Amino acid sequence: MAERKLLVLFGSQTGTAEDTAERIGREAKRRHFQCRVEALDSYEVANLINELLVVFVCATTGQGDPPDNMKMFWRFLFRKNLPASSLCQLDYAVLGLGDSSYPKFNFVAKKLHKRVLQLGGNPLLPVALGDDQHDLGPDAVVDPWLLALWDKILTLYPLPPGLEIINADVRLPPKYTLQYLAEDSPDPNGVLLQPTAPRAVPSELHPFAARVVSNQRVTAESHFQDVRLIEFDVTGSGITFSAGDVVMIQPQNCSEDVQQFCQLLRLDPDRRFVLKPTEPGTSLPALLPQPCTIRHLVTHYLDISCVPRRSFFELLSYFSTNELEREKLQEFSSAQGQEELYSYCNRPRRTTLEALWDFPHTTCAIPPEYLLDLIPRIRPRAFSIASSMLAHPDRIQILMAVVRYKTRLSKPRRGLCSTWLASLDPEQGDVRVPLWVKKGGMKFPADPDTPVIMIGPGTGVAPFRAAIEERVAQGRRGNCLFFGCRQKSKDFYCQAEWEELVTKGFLTLFTAFSRDQEEKVYVQHRIQENRRLVWELLGSRRAHVYLAG
């Protein structure tokens, strides 16, 4: 009988595709498949020729781009020299997650499906096109597609004799077991978080602990929005970057939230533990030290401030000892309960921690080893770099708006990363932030005579500050910036710098202060007023145009 092995490979940017891939993994275990769930870039792609059954789950980002964790796989798959029969033994299915308000809706999934077909793969089903814009989100497409997929797979790989599909009311084992260490056992690692000496260029798995040099508010105190210019010292990191690149920052939960979480779940934050995979072949979470304290796990790893997904409520329902709570949790995890879940969670942006408060009987019954199945890891946040190495060697600056807004919940919503960064005070000693740098989507012209037109309202001006600093340091003059904000006196970022460059002849600057007069004036009005100049730059001087918001 054919070996019942399934591989689920995902490309995920925000975690939705990863969550869906894990769901398929759980459904496979209930059908007694040996199943591995892996990010596309951690999979050894040359082995694909030996696989018999693969489900791909992939998101589309930006303008039809593959997510970061499938870029290498993508390049390999589209190599011209791959023989047309490479994947002729492969049965496969592709599940796409996208947003139909973008022109290249689910572009990556469609292209992947077509490419695997070209290489001889045998599609089990047409590609699924999950859509964020649907009232019920991507699940409206995913749920029926998965039912059809399992029908198809079970015809090819029937259940072994005597085995039934594991019932949905049976709880699956956790991914890891968690073993507490005796209170007095020596700690082999000494201090948990040592800024490691960089082996290579810093990356997500080996971030650089950069010192915060300064953290200044650049909007007037009376302005509704708090915007910061933050500078990091990256001396000795080996980091290099150019204008248009992006710095990735790994945030952490605030101590009050960590304390609340530990109280709710009755966890001792100072207890130390080690993780062991439940199944052979499962790798340990790369970013957790072994051994680790509960405090470190909750502070640096578990995303307790994210809006919980359907899978969270599904797993939570298994721990519930309270009938009322269990019924509500089961409703939230059912296909019929998705509108209800949307208005409970997504619309008011309720956090995981707040949801746990609402189910107190269930929350105190959560076994600690299920925490890593229940709550996703904290994802890094991307910021446009707002400075040039030519102007500020060994430094990275970002221009960051602190995210804070109201929903119908009494407590204002706060962005995890921006709130944490805004709270850091370099005067209080050595404050460090884990970061690394990534190539950005903007490339500025190599030819020194090509002018650039940059349109950057609000904090969208960040990458243009880097570009202008870089170009000025290289003696390039054709820099034209359209900047917009609300009021000249309140949120005109970098005003003195721009004015000095205008005086020196390095910059042509057009500003739109939307609230400084009766009728609102935006950057597009300034572009229209200066259409002759813009056309001359485009038409006869082949200018490049950049837009960031």
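Residues numbered from 1 in each chain as written. Predicted model: local features only at pLDDT ≥ 70, side-chain atom pairs only at ≥ 80, totals over all residues. Heavy atoms only, no water.

Colleague: What's the story with a nonpolar patch on the surface in this structure? I'm lost.
Modeller: Taken together, the side chains of W535, L538 and V545 define a hydrophobic patch exposed on the protein surface, amounting to about 320 Å² of accessible area. You can see L538 is positioned in helix α18 (residues 531-539). (Patch = residues over 30% accessible without salt bridge, like charges linked within 9 Å, V, L, I, M, F, W, Y side chains within 5 Å. Areas by Shrake-Rupley, 256 points an atom, 1.4 Å probe, with all protein chains shown as cover. Salt bridge = Lys/Arg side-chain N within 4 Å of Asp/Glu carboxyl O. Helix = DSSP H or I, 4+ residues; strand = E, 2+ residues; numbered from the N terminus.)

Colleague: Any chance you could explain the confidence of the model for the protein here in plain terms?
Modeller: In regions of low pLDDT, the predicted coordinates are not meant to be interpreted in detail. The pLDDT averaged across the protein works out to 94; a share of 97% of its residues lies at or above 70. Every residue in residues 190-196 scores below 50 in pLDDT, and together they form eight contacts with partners more than four places removed in sequence or on other chains. (pLDDT = per-residue confidence, 0-100. Contact = heavy atoms within 4.5 Å.)

Colleague: Please explain the packing of aromatic side chains as it appears in this structure.
Modeller: Where two aromatic rings form a pair, the distance of their centres and the angle of their planes describe that pair. As enumerated under the stated definition, the model contains 15 aromatic pairs in all. Feature note: the residues F312, F313, F332, Y344 and F359 constitute an aromatic cluster, connected by ring pairs. Across the ring face of F33, the terminal group of R4 is positioned such that the distance to the ring centre comes to 3.9 Å. (Phe/Tyr/Trp six-rings, centres within 6.5 Å; stacked < 30°, edge-to-face > 60°. Lys NZ or Arg CZ within 6 Å of the ring centre and 35° of its normal.)

Colleague: I would appreciate a short explanation of the sheet that holds strand β9 (residues 227-233) in the present structure.
Modeller: In a beta sheet, neighbouring strands pair by backbone hydrogen bonds and run either parallel or antiparallel. Pairing within the open sheet is antiparallel, and its six strands lie in the order β13-β10-β17-β8-β9-β14. Only two strands of the sheet have a single neighbouring strand rather than two, namely β13 (381-384) and β14 (395-401). Neighbour-to-neighbour, the strand axes of the sheet open up by a mean angle of 40 degrees, direction not taken into account. Two strands pair when backbone bridges link them, and strand β8 (residues 208-217) and strand β17 (residues 432-438) are joined in this way by four bridges, in the antiparallel orientation. Opposite A210, over in β17, you have V433 as the bridge partner. (Pairing = 2+ DSSP bridges. Axes fitted to C-alpha atoms, helices over the stretch in contact; angles between N-to-C directions.)

Colleague: Hey, could you run me through the UniProt feature "domain: FAD-binding FR-type" (unreviewed entry) in the protein in this one?
Modeller: Annotation from UniProt places "domain: FAD-binding FR-type" (unreviewed entry) at residues 205-445. Helix and strand shares over residues 205-445 are 29% and 21% respectively, and the end C-alpha atoms of the span are 32 Å apart. (UniProt positions renumbered as here; feature names shortened; annotations may be inferred.)

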